[in-house]
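A closer look at the structure
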Amino acid sequence: MDADEPANVARAAAGWKLRYVVITSVNRDDLADGGSHHFAETVRQVRNALPGARIEVLTPDFCGDMDAVARVLDASPDVFNHNMETIRRLYRRVRPQADYRQSLEVLRFAKVHKPGVLTKSGLMAGLGEEPREVEQLLRDLRGANVDVATIGQYLQPTRRNLPVAAYVTPAQFDLYREFGLGIGFKMVFSGPLVRSSYMADLVNEEATRVTA
């Protein structure tokens, strides 16, 4: 890894005078700590460079290592985001190296370890799921005390990736949003163009306003 990356990220963010910073990475399962020290140091450097900015981390599951999750949380990001991506039935097909329960436990642990952090998770629609399965996933997320959900349309990035099973209608996305709000989410962004960090500053603003 590039030891200068945390400082360089902070320098770039400060140069752009960002008000909201999302820090993410590819999975680093090749590292003993999953890259959690690097994540944490990047959060700290950005915080020092931009004390007025809000910081969101979008992390992998760190192979279920809660010490690694705690290390990132102890750097004090404002938002902890870990994406579930899909419903339980499709996990082995869509996320063969991940585990549905493990991802839920990462999110549950985040809220227990840092109750003041806003927790967030995203999922893709159009992979072959049924509406009732999306609703169950949303229930599971609420059961883990997740505050914010984002739901967007899956698009096939390359021919090697899974094909699109369905293009979900805007009306169905609206129903998912209404369902999520009805079971207690502070904010649900649901629509064909929504992505995990879609309008992240607005999502955070709205969710924080609801909390207040």
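Just so it is clear, the model here is predicted, and its values are computed rather than measured. (Residues numbered from 1 in each chain as written. Predicted model: local features only at pLDDT ≥ 70, side-chain atom pairs only at ≥ 80, totals over all residues. Heavy atoms only, no water.)

1. What about the overall build of the protein?
What the protein contains, in helices and strands, is 8 helices and 6 strands. Reading the secondary structure of the protein in the N-to-C direction produces α-β-α-β-α-β-α-α-β-α-β-α-β-α. Viewed in the frame of its principal axes, the protein has a C-alpha envelope of about 45 × 40 × 30 Å. Across the 212 residues that make up the protein, the buried fraction comes to 46%. (Helix = DSSP H or I, 4+ residues; strand = E, 2+ residues; numbered from the N terminus. Buried < 20%, exposed > 50% of the residue type's maximum accessible area, 1.4 Å probe, protein only.)

2. Quick look at the environment of I183
With respect to the helices, strands and loops of the structure, I183 is situated in the loop between α7 (170–182) and β6 (187–190). Taking C-alpha positions, I183 is 7.5 Å from R142, a pair spaced 41 residues apart along the chain. Look past the residues within four positions of I183 in its chain and what remains in contact with it is L138, R139 and R142. (Contact = heavy atoms within 4.5 Å.)

3. Examining the pattern of salt bridges
All told, the structure shown has 9 salt bridges when counted by the stated rule. Note that K186 is salt-bridged to D147, the shortest N-O span being 3.3 Å. Linking K186 in the loop between α7 and β6 with D147 in the loop between α6 (131–143) and β5 (148–153), this pair joins segments that are 39 residues apart in sequence. Taking the relative accessible area as the measure of exposure, K186 reaches 23% and is therefore partly exposed. Sharing partners across several salt bridges, the network here consists of R47, R54 and D78. (Salt bridge = Lys/Arg side-chain N within 4 Å of Asp/Glu carboxyl O.)

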